[in-house]
Amino acid sequence: MSTTAEPTGTLTRADFQSDQETRWCPGCGDYAILAAVQGVMPDIGIPPERVAFITGIGCAGRFSYYMDTYGMHSIHGRAPTIATGLVAARDDLSVWIVSGDGDALSIGGNHLIHALRRDVPVKILLFNNRIYGLTKGQASPTSERGKVTKSTPDGSLERPVNPLATAIAAGATFAARAVDRDKAGLADVLRAAAEHPGAAFVEILQNCPVFNDGAFSHVQDKDEAVLHRIPLEPDRPLRFGRDGDQAVIRGDDGGLRIVPGAEADDASVVVHDPTIADPTAAFALSQLGVDTGHVPLGVLRRVPSTPWGEGLVAERRAALSTVDDAQLDRLLAGPDTWTVGGGPDA
Amino acid sequence: MATVTHEQHAAVEERERVIVRFAGDSGDGMQLAGARFTDATAASGNDLATLPNFPAEIRAPAGTTAGVSSFQIHFAARDIATPGDTPDVLVAMNPAALRVNVPQLERGARIIVNEEAFTRRALQKAGYDDNPLDDGTLDPFELTRVPMSSLVSRALEDVEGATSRQAQKARNLFALGVVAWLYDRPTAVIERWIDQKFAADDVVRRGNRAAFSAGWAFGETSELIDVRVRVAPATDVPPGEYRNANGTTAMALGLVAASVRSGLPLVFSAYPITPASDLLHQLAPRAAQGVRTVQAEDEIAAAGIALGASYAGALGVTATSGPGLDLKAEAIGLAVMLELPLVVIDVQRAGPSTGMPTKTEQSDLLQALYGRHGEAPLPVLAASNPGDCFDTVYEAARIAIERRTPVIVLSDLFLSNSSAPWRVPRAADLAPIDPAFAPPREPDDPPFLPYERDDRGVRPWAIPGTPGLRHRVGGIEKQERTGAISYDGANHARMVAARAAKVAGVDVPPTALDHDDGADILVIGWGSSEGALIAGVRRVRQRGHAVARAHLRHLHPLPPDLGDVLRRYRRVVLPEMNSGQLARVLRAEYLVDVRTHACLEGRPLQAAEIERVILEEIA
Ligand code: SF4
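Residues numbered from 1 in each chain as written. Chains lettered and ligands numbered in written order. Predicted model: local features only at pLDDT ≥ 70, side-chain atom pairs only at ≥ 80, totals over all residues. Heavy atoms only, no water.

(A) A look at the overall build of chain B. The helix and strand inventory of chain B stands at 20 helices and 23 strands. Over its C-alpha trace chain B gives a radius of gyration of 27 Å, about what one expects of a compact globule, namely 25 Å for 619 residues. Seen through its C-alpha atoms, chain B measures out along the principal axes to roughly 90 × 60 × 45 Å. With 619 residues in all, chain B has 61% of them scored as buried. In chain B, the share of contacts with a sequence separation of at least 24, taken over all contacts with a separation of at least 6, comes to 77%. With the model as given, the accessible surface of chain B reaches about 22,700 Å², and the carbon-plus-sulfur share is 48%. Charge-centre separation for chain B: the mean point of 64 positive side chains lies 3 Å from the mean point of 77 negative side chains. (Helix = DSSP H or I, 4+ residues; strand = E, 2+ residues; numbered from the N terminus. Rg over C-alpha atoms; globule rule 2.2 N^0.38 Å. Buried < 20%, exposed > 50% of the residue type's maximum accessible area, 1.4 Å probe, protein only. Contact = heavy atoms within 4.5 Å. Areas by Shrake-Rupley, 256 points an atom, 1.4 Å probe, with all protein chains shown as cover. Lys, Arg positive; Asp, Glu negative; His and termini not counted. Charge placed at Lys NZ, Arg CZ, Asp CG, Glu CD.)

If you want it as structure tokens, here you go:
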């Protein structure tokens, strides 16, 4: 491994590319995500030595090796804990977690929930390919019910986890979704995540051509994508599909419905507002399309955040720097001491 | 103190050492009474050692033997080593406390009871058919019956606003007053504590002061106790400034000291678990010293957070007890691989599984040494007395920081709760700790090699944010020097050896031997059994036998001369609160026939049993 000199002047994509050979399978969606992340990093404007990528285990876990930043490829599911420790000690870094569906939602589910409810200042990128890739093709927590895999020859019995619903329920102040091959949409979401002061959760739908090819073809393939993507743009009515021939309205039960665009007048079409404090609106979006194959993409929720422990790093460092030997001596002695044999120097 | 007009009736007897046990229901405040008595005893200049003992349940059924809580203190005019085996005085606040503790008393011991607590119903709950105060079963003892309930109620009548419930809660302070009078403890320390503790509620404050004073006055005036005992200040301890501290306090201070002396902020992350939680409680209010505590979502996260903080360039520490150590194994393994500092404190308790969470044991040793997959050696240190918790954790932090390695510190429940006078260390005397972060690099410098080792086998600690040092670390095996991912077998073998050699190279002083001329028996121990071993060996020596004694802080790597030391003796005896874990290690390491004395009863080893074990080997 070599390290490169710090870039001077304007940052470029190359400043974030490590010299490690990428070892994902040919055609893996991870390549597109890596390119997108390396592409937006210069826009974010933080020099690479102040960026840290903390990853878990799985194909996505290798991400940290390919970014020429600081990075740690940690333990299965535990990246949020390492990242939490990192931001407990430092406030001058941009910290990113890269995780997969098994890593974040199965073995690391507890840590994900707590990182979000604490609002730890980290960006969490969850590469969801709905399968275990690195262990060669077992059902994952996001695999659909009935999914036939090596570990579920008769089809999975389980309902899949909805990553965004989980994140929003855990109190995420920022929750978004993008597709690996949607360059522009992914870059927009990554930039928005980078700007968020607290925990920013991004689900990235990622194709695993080896073990679960086509899991997201309905939002990746050009012809299909236009039918299934529901682009979420702030303050815009949720009309989508070919020439806006579909629309999202609020049903009588409070949930969201997809109806033919012609049936919905402008007043009844839901206008997207990610800043609503009440998580109900974002939660409803997280459920939208689960049964129909439609996929809302973009920022579902972005509300003001008070990041975990804001200000504490500086405060504690300042406190520590004032403790001299005399103060430490007083602390060690405590309020009640007695002297044996003529004083401490005797 | 209340003015007393009666004549001083009691004779005064000098004693070299005394053991007092306060016992009652877990709601009776016995730990508080014991702790306050300990403060006053420390202020008297006695040497002392304490042993709190309480049930696992917060409120076990009131009045039952399962709910009995006790606090024992041994104090003396000379250097003592243990909280003592059998009490000279037992304070029993209810029948259950009496029933549980009487079997441990020797003939002639004094028992002070709250006689009004011996109601029919209370006797039944404790499993007594007849009242032991009346049926002669206590004849071998000096029984003092005190109507504590009514005396406390009467004392509180003068306190405006005091309720009967408050009177009930203040009985422990009355009992404390009686015992404080009996041993002529300074009252100011206790009264000051009451004033501070209850400053917010003047009625409670005055009620507690009244109960304590009434207890003292009762001793002075009642004539029920005719001998007062005086224990002179201890003079055979090394000179210096002393304070009282239990293992938890000393350990918390050791961590703060390591942070101050290294300049690294302390990030302490833990998940609530008995008995380790007290460390979290003691460190959480230390913001003024720069301490950041994080209560994690689980034990795994606590270890991950500490390791993440170390990666960031802080002093990352996590603490737990047995079950939590199981869960921290993967983070410890990663720290071995990353070669980053991490201090893991295990306050051992009786296991396996939940075991006996409020009882002590030393049974996590093999887990600390070996409990990780793969070849994952790391330094393991054990503290041997409350004050030693400071030195041990300080040294552990120094090793972790300077050698870039996780270090496990073993304490145990007994040590963490037990208190003793502690010679206060001076900041200036503490060994310096140098984090020696890798310095930034210029564009023209040769490439940074994150796994290049220095002459101690130690790699650079290159913290995020440092210009010119960007690199990636992870759990995958590294190429030597470069740190790039490597699946090359020969490289792996070299890396395994390099990590082991680095740990083996930690500086460990030679075995400290307390040797008599002509001794052919060595008693060796580790951890909290030190006091019992010192006291047991002392007794054997008083009988005229020659014995040698050694105590280990460094369990990995072991002292360099230990094999030679062990082989010098005809017989090596190793008492430990497990089934022989260290003995197994020493046998394997040195091929010496180390004999185990195992104690697995959830209690500390006792001087008398060590004496017996040694005498058996001599015979
Ligand atoms: S197994 Fe699937 S997810 Fe993993 S690298 Fe190959 S294609 Fe990508």
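(B) Examining helix α12 (residues 325-333) of chain A more closely. A:L328, A:L331, A:L332 and A:A333 are the residues of α12(A) that are buried. Directly after α12(A), the chain includes A:G334, whose backbone phi takes a positive value near 70°.

(C) Examining unusual backbone geometry more closely. Omega for the bond connecting B:T274 with B:P275 falls within 30 degrees of zero, at 0°, which places this linkage in the cis form. The residue B:P275 is located in the loop between β10 (266-270) and α10 (277-283) in this model. With an omega of 0°, the peptide bond between B:G351 and B:P352 qualifies as cis. Within the secondary structure, B:P352 is located in the loop between β13 (342-348) and α13 (365-370). We note that A:D243 has phi near 55°; this positive angle belongs to a residue other than glycine.

(D) The arrangement of the environment of B:P323 in detail. Residue and element names in this part refer to chain B. With respect to the helices and strands, P323 occurs in helix α12 (residues 322-338). Along the sequence, P323 and L280 sit 43 residues apart, while their C-alpha atoms lie 17 Å from each other. Setting aside residues no more than four positions away along its own chain, P323 makes contact with I273, R349 and S353.

(E) Looking closely at the sheet that holds β13(B). All names here are of chain B. Spatially, the 7 strands line up as an open sheet ordered β11-β10-β12-β13-β15-β14-β21, and their pairing is mixed. What marks the edges here is a single partner per strand, and that holds for β11 (292-295) and β21 (554-556). Taken pair by pair, the neighbouring strands of this sheet meet at an average axis angle of 20°, ignoring direction. Pairing between strand β14 (residues 380-382) and strand β15 (residues 406-412): 3 bridges, direction parallel. Residue pairing in the sheet places V380 in a bridge with I408 of β15. (Pairing = 2+ DSSP bridges. Axes fitted to C-alpha atoms, helices over the stretch in contact; angles between N-to-C directions.)

(F) Quick peek at the sheet that holds strand β2 (residues 17-25) of chain B. Residue and element names in this part refer to chain B. Pairing within the open sheet is mixed, and its 6 strands lie in the order β3-β4-β2-β5-β6-β7. This sheet does not close on itself; its edge strands, each paired only once, are β3 (47-53) and β7 (142-146). Pairwise comparison of adjacent strand axes, ignoring direction, gives a mean angle of 15° for this sheet. Note that β2 and strand β5 (residues 89-92) share 4 bridges and pair parallel. Pairing of A23 across the sheet is with A92, part of β5. The sheet contacts of helix α6 (residues 171-182) involve β2, β5, β6 (110-114) and β7, and relative to β6 the element is tilted by about 150°.

(G) Representation of the site of the ligand within the structure. Surrounding the ligand, one finds A:W24, A:C25, A:C28, A:C59, A:N129, A:G133, A:Q206, A:C208, A:P209 and A:F211. Here the residues of the shell around the ligand are counted per class, giving 7 nonpolar, 3 polar and no charged. (Near = heavy atom within 4 Å. Nonpolar A, V, L, I, M, F, W, Y, C, P; charged D, E, K, R; others polar.)

(H) The arrangement of the packing of helix α3 (residues 79-89) of chain A against helix α5 (residues 109-118) of chain A in detail. All names here are of chain A. Here α3 crosses α5 at 35°, and the two axes come no closer than 8 Å. Contact with α3, carried on its side by P80, T81 and T84, involves H111, L112, A115 and R118 of α5 and no other residues of that element. For the contact of α3 with α5, the per-class residue count stands at 3 nonpolar, 3 polar and 1 charged.

(I) The domain arrangement of chain B, seen in detail. Residues and elements named next belong to chain B. If you check the domain split of chain B, you get domain 1 (3-230), domain 2 (243-429) and domain 3 (513-618). Summarising the inter-unit geometry, the C-alpha centres of domain 1 and domain 3 are found 36 Å apart. Taken residue by residue, the interface counts 8 residues in domain 1 and 10 residues in domain 3. A combined buried area of about 620 Å² lies between domain 1 and domain 3, and 49% of that area is made up of carbon and sulfur atoms. Counting the surface domain 1 buries against domain 3, the share from its top three residues, A81, T82 and D85, is 68%. Here domain 1 and domain 3 share 1 salt bridge between them. When the shortest N-O distance is used, the salt bridge between D79 and R538 registers 3.6 Å. One can count 3 residue pairs in polar contact (both at pLDDT 80 or more) joining domain 1 with domain 3. Within the side of domain 1 that touches domain 3, the residues separate by chemical class into 3 nonpolar, 1 polar and 4 charged. (Domains from an automatic or database assignment. Buried area = accessible area lost by both parts, 1.4 Å probe. Salt bridge = Lys/Arg side-chain N within 4 Å of Asp/Glu carboxyl O. Polar contact = N/O pair within 3.5 Å; in protein donor to acceptor, adjacent residues only side chain to side chain.)

(J) Layout of the pattern of salt bridges. Scanning the model with the defined rule gives 53 salt bridges over all chains in all. A:E144 is the partner of A:K147 in a salt bridge, and the nearest nitrogen-oxygen pair spans 3.7 Å. Judged by its relative accessible area of 31%, A:E144 is partly exposed. It is possible to trace a salt-bridge network through shared partners that takes in B:D195, B:D202, B:R205, B:R206 and B:R209.

(K) Geometry of the confidence of the model for chain B. On average, residues of chain B score 94 in pLDDT, and 99% of them are at 70 or above. In the predicted complex, the global pTM is 0.92; the interface-specific ipTM is 0.96. (pLDDT = per-residue confidence, 0-100.)

(L) Spotlight on the pairing of strand β9 (residues 246-250) of chain A. Residue and element names in this part refer to chain A. Examined bridge by bridge, strand β8 (residues 239-240) and β9 share 2 bridges and lie antiparallel to one another. Residue pairing across strands places F240 opposite Q246, the latter belonging to β9. Connecting the antiparallel pair β8 and β9 is a turn made up of 5 residues, with G241 showing a positive phi of about 90°. As judged from the 5 bridges shared by β9 and strand β10 (residues 256-260), these two strands associate in the antiparallel manner. The partner of R250 across the bridge, within β10, is L256.

(M) The arrangement of the domain arrangement of chain A in detail. If you check the domain split of chain A, you get domain 1 (13-236 + 272-302) and domain 2 (311-346). Relative to domain 2 of chain A, the C-alpha centre of domain 1 of chain A lies at a distance of 47 Å.

(N) The arrangement of the packing of α3(A) against helix α11 (residues 299-312) of chain B in detail. Direction vectors running N to C along α3(A) and α11(B) enclose 50°, while the axes themselves pass 6 Å from each other. In terms of orientation, α3(A) and α11(B) fall into the oblique class. Helix-helix and strand crossings are classified by hand; for α3(A) and α11(B) the assignment is right-handed. Contact residues: α3(A) offers A:T81, A:I82, A:T84, A:G85, A:L86 and A:A89, while α11(B) offers B:A301, B:G304, B:I305, B:L307, B:G308, B:A309, B:Y311 and B:A312. Taken together, the residues of the contact of α3(A) with α11(B) sort by class into 9 nonpolar, 5 polar and no charged. (Parallel < 35°, antiparallel > 145°, perpendicular 65-115°, else oblique. Left-handed = near helix turned anticlockwise from the far one by under 90°.)

(O) Seen up close, helix α9 (residues 247-262) of chain B. Residues and elements named next belong to chain B. For α9, built from 16 residues, the straight-helix expectation of 22 Å at 1.5 Å per residue is met to within 8% by its first-to-last C-alpha distance of 22 Å. Taking burial as the measure, the 16 residues of α9 include 15 buried ones, the bulk of the element. Looking at where α9 begins, the residue whose side-chain oxygen comes 3.1 Å from the main-chain nitrogen of T248 is N246. In the segment just after α9, G263 is the residue with positive phi, at about 75°. (Expected span 1.5 Å × (residues − 1).)

(P) Just the interface of chain A and chain B, in detail. Across the contact, 68 residues belong to chain A and 82 residues belong to chain B. For the pair chain A and chain B, the summed buried surface comes to about 6,300 Å²; carbon and sulfur atoms form 60% of the total. For A:D325, the salt bridge is made with B:R261, and the minimal N-O distance between the two is 3.2 Å. Scanning the region where chain A abuts chain B turns up 30 residue pairs in polar contact (both at pLDDT 80 or more). The set of elements that each furnish at least two residues to the side of chain A that touches chain B consists of α2 (63-66), β2 (70-73), α3, α5, α11 (312-321), α12 and β12 (337-340) of chain A. With 8 residues, α3(A) is the single largest residue contributor to the side of chain A that touches chain B. By residue class, the composition of the side of chain A that touches chain B is 30 nonpolar, 22 polar and 16 charged.

(Q) Representation of the nonpolar core within the structure. Core analysis: the largest hydrophobic core is formed by 160 residues, its most contacted members being B:F268 and B:I345. Among the nonpolar cores identified, the runner-up in size contains 53 residues, and B:M93, B:A155, B:L182 and B:I225 belong to it. (Core = buried A, V, L, I, M, F, W, Y, C linked by side-chain atoms within 4.5 Å.)

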